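Take a look at the letters that make up each chain.
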Amino acid sequence: MYQPTSIASAHPSVIENPKITVVGTGYLGATHAVCMALLGYDVIALDVDQAKIDHLAAGNLPIFEPGLEDKLREVLAAGKLRFTTDVKLAAGHGDVHFICVGTPQAKGSDAADLTYVDAAVTALARELHRKCLIVGKSTVPIGTAARLTALVHATAPAGSLVELAWNPEFLREGFAVMDTLEPDRLVFGTASAWARAQLAACYTSIIAAGTPVVSTDLATAELVKVAANSFLATKISYINAMAEVCEATGADVSHLADALSYDNRIGGRFLKPGLGFGGGCLPKDIRAFAHRAQTLGVGQAVAFLRQVDGINRRRRQRTVDLVTELAGGDLLGVKVACLGAAFKPNSDDIRDAPALDVARMLHEAGALVTVYDPEAMTNARRSYPDLSYAGSLEEAVTGAGVVAVLTEWDLFRAADPYHLATLVDSRCIVDGRHALDAERYRAAGWDYRALGRPSHTGTVTFLDFENNGLQAQNAG
Ligand code: UDX
């Protein structure tokens, strides 16, 4: 377990080893609470969901996140982390209160739904009788922190002794513990030197390890998170837009991405073409950002995010089109094995999962869809009860007319195309994630197809600049 080292506090009333409260025990909150406890702080995690709290208190994680459950048990055994639904207890405990509740997309709108943030802050503020710091970690529209500051000052018995800061979280599912304990950077949005120093005292050892800290105002801190996620989404949609161009020309987007990635100014990360982005953050964050910018009168500045969203959605339809093509133009009664349900590997999260969206569309087009995912089956079954589910990769592909790889789990990458060939009805595969070795599949007799890649090896497309047109030649 990490131990916090002493910091030379920049402000006399800063508590150097603050007691910490984490409000909300979803993905972000559970991870943050466990990691703060691992860093040596005395942590209480609060949630309104008694069943979830009981589950966590017993050392069971309701989500799949590699490494987190072991760490949860470690800090529970060490007495560093407790769970409660008692707001008074949590409010009395914390010198610093982290707000980690969800901000999903509002129903019928692109805006973020701030109901949970508002409820959590209000309930907490009502019980705050002394100087302390509330730190927002949830992803929120710009201006939320300023609004909440006024709300807290009006609601808390301690009034303006309670300060508010914003400290966005950048953790990725599947790497949540590592991203929290060894972040790329810390962003502190604060309104006073005290708040900045008190927040720094929550990350003593991380700062001592040399992690860059960007200290800024509240609005900038809020903006950092949506700007970062918008950039990542734009990068993915950029390469997927190039895939669309490749599809029209016979060029190969995999080679294109590879060639671009060697330019250090561009870099290869988040330049992986395929079925596009999903999950609980990127899709709803770009929509909420565009919506908020509109209300601020700067909608034009981020209008491109609508295109980013549009490109991303088109990838799903295009994947369905590819499957249909391989099925001979009609999906009715065709058995399709959908490999993957989670929005990305090493996660059981199916929020806005491209894989399940594709499975749903195939099902609606009349295909007999069988889904298999190593971790997301329970969640998928609950949300998509009309689809059929298999107990293994082998079971899913047995008798399939088309196989579609929709989430790039290692299990699917490692599958042997010769073995799979003995199970399927027809050797047709759509690699929705550019995860497989195309040549191996083709050598094993498969019709291998991927978005943005030519259907046959050896086909080279070149631009005929003189005639300003396109020609395709067979390299063989
Ligand atoms: C994201 C941000 O990365 C993280 O910093 C933020 O805190 C929360 O949102 P996460 O939702 O866990 O994290 O997923 P991420 O790893 O970013 O992947 C998002 C989606 O993009 C996935 O569906 C993934 O499959 C897709 N993706 C990613 C691509 O399609 N191509 C890529 O090159 C990279």
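The model shown is predicted, which means the values in this text are computed figures rather than measured ones. (Residues numbered from 1 in each chain as written. Predicted model: local features only at pLDDT ≥ 70, side-chain atom pairs only at ≥ 80, totals over all residues. Heavy atoms only, no water.)

Undergrad: Would you mind going over the overall build of the chain in detail, with residue names and values included?
TA: Regarding its fold elements, the chain presents 19 helices and 16 strands. Taking 23 Å as the expected radius of gyration for a compact globule of 476 residues, we find that the chain reaches 25 Å, a close match to that expectation. Along the longest, intermediate and shortest principal axes, the C-alpha atoms of the chain span 75 × 55 × 40 Å. Relative to its 476 residues, the chain shows a buried fraction of 53%. Counted over contacts in the chain with a minimum sequence separation of 6, partners at least 24 positions apart contribute 71%. For the chain, the exposed area adds up to about 20,200 Å²; of that, 54% sits on carbon and sulfur atoms. (Helix = DSSP H or I, 4+ residues; strand = E, 2+ residues; numbered from the N terminus. Rg over C-alpha atoms; globule rule 2.2 N^0.38 Å. Buried < 20%, exposed > 50% of the residue type's maximum accessible area, 1.4 Å probe, protein only. Contact = heavy atoms within 4.5 Å. Areas by Shrake-Rupley, 256 points an atom, 1.4 Å probe, with all protein chains shown as cover.)

Undergrad: Break down the site of the ligand for me, citing the residues and quoting the values.
TA: Inspection of the region around the ligand gives 20 residues, with F170, L171, E173, K272 and K344 positioned closest. E173 is positioned such that a nitrogen or oxygen atom in its backbone is 2.7 Å from an oxygen atom of the ligand. Within the contact set of the ligand, an oxygen atom lies 3.5 Å away from a side-chain nitrogen or oxygen of K225. Taken by itself the ligand offers 680 Å² of open surface, and the protein chains cover 90% of this. Looking at which element gives the most residues to the shell around the ligand, the answer is helix α10 (residues 218–249), with four residues. For the shell around the ligand, a count of residues per class yields ten nonpolar, three polar and seven charged. (Near = heavy atom within 4 Å. Polar contact = N/O pair within 3.5 Å; in protein donor to acceptor, adjacent residues only side chain to side chain. Nonpolar A, V, L, I, M, F, W, Y, C, P; charged D, E, K, R; others polar.)

Undergrad: An account of helix α13 (residues 304–326) is requested, with residue identities and associated values reported.
TA: Taking 1.5 Å of rise per residue, 23 residues should cover 33 Å, and α13 covers 33 Å from first to last C-alpha, within 8% of that figure. Within two residues after α13, G328 carries a phi angle of roughly 90°, on the positive side. (Expected span 1.5 Å × (residues − 1).)

Undergrad: How would you sum up the confidence of the model for the chain? Please name residues and give values.
TA: In this model, the chain carries an average pLDDT of 94, and 94% of its residues clear a pLDDT of 70 or more. Ignoring residues within four places in sequence, the model shows residues 1–8, a span with pLDDT below 50, making 23 contacts including any to other chains. Note on residues 458–476: pLDDT is under 50 here. Beyond four places in sequence and across chains, it has 25 contacts. (pLDDT = per-residue confidence, 0-100.)

Undergrad: Outline the side chain of T204, listing residues and values.
TA: Positionally, T204 belongs in helix α9 (residues 204–208). Within the local environment of T204, its side chain forms a polar contact with the backbone oxygen of A201, the two atoms lying 3.2 Å apart.

Undergrad: Account for the sheet that holds strand β13 (residues 428–431), naming residues and giving values.
TA: What the six strands build is an open sheet, ordered β11-β10-β9-β12-β13-β14; its pairing is parallel. The open sheet is flanked by β11 (388–389) and β14 (447–449), the only strands paired with a single partner. Judged from the three bridges that link them, strand β12 (residues 402–405) and β13 form a sheet pairing that is parallel. Its bridge partner lying in β13, V405 is registered against D431. Packing of α13 onto the sheet brings it into contact with β9 (335–339), β12, β13 and β14, and relative to β13 it is tilted by some 170°. (Pairing = 2+ DSSP bridges. Axes fitted to C-alpha atoms, helices over the stretch in contact; angles between N-to-C directions.)

Undergrad: Explain the packing of helix α1 (residues 27–38) against helix α3 (residues 68–77) residue by residue, including any values.
TA: Two elements in contact, α1 and α3, have axes whose closest approach is 9 Å; the angle formed by their N-to-C orientations is 50°. Relative to α3, the element α1 lies oblique. Classified by chirality, the crossing of α3 by α1 is left-handed. Facing T31, V34, A37 and L38 of α1, the residues of α3 in contact are L68, K71, L72, E74 and V75. Of the residues that constitute the contact of α1 with α3, the class distribution is six nonpolar, one polar and two charged. (Parallel < 35°, antiparallel > 145°, perpendicular 65-115°, else oblique. Left-handed = near helix turned anticlockwise from the far one by under 90°.)

Undergrad: Give me the domain arrangement of the chain: which residues, what numbers.
TA: One frequent convention defines the size of an interface as the accessible area lost when the parts assemble. Domain annotation of the chain identifies domain 1 (7–216), domain 2 (227–311) and domain 3 (314–474). A straight line from the C-alpha centre of domain 1 to that of domain 3 covers 40 Å. Listed as interface residues are six residues of domain 1 and, on the opposing side, nine residues of domain 3. Regarding the contact of domain 1 and domain 3, the summed buried area is about 610 Å², with carbon and sulfur atoms giving 47% of it. Inspection of the domain 1/domain 3 interface yields one salt bridge. Salt-bridge contacts for E173 lead to R351; the nearest nitrogen and oxygen are separated by 3.2 Å. Linking domain 1 with domain 3 are four residue pairs in polar contact (both at pLDDT 80 or more), by the criterion used here. (Domains from an automatic or database assignment. Buried area = accessible area lost by both parts, 1.4 Å probe. Salt bridge = Lys/Arg side-chain N within 4 Å of Asp/Glu carboxyl O.)

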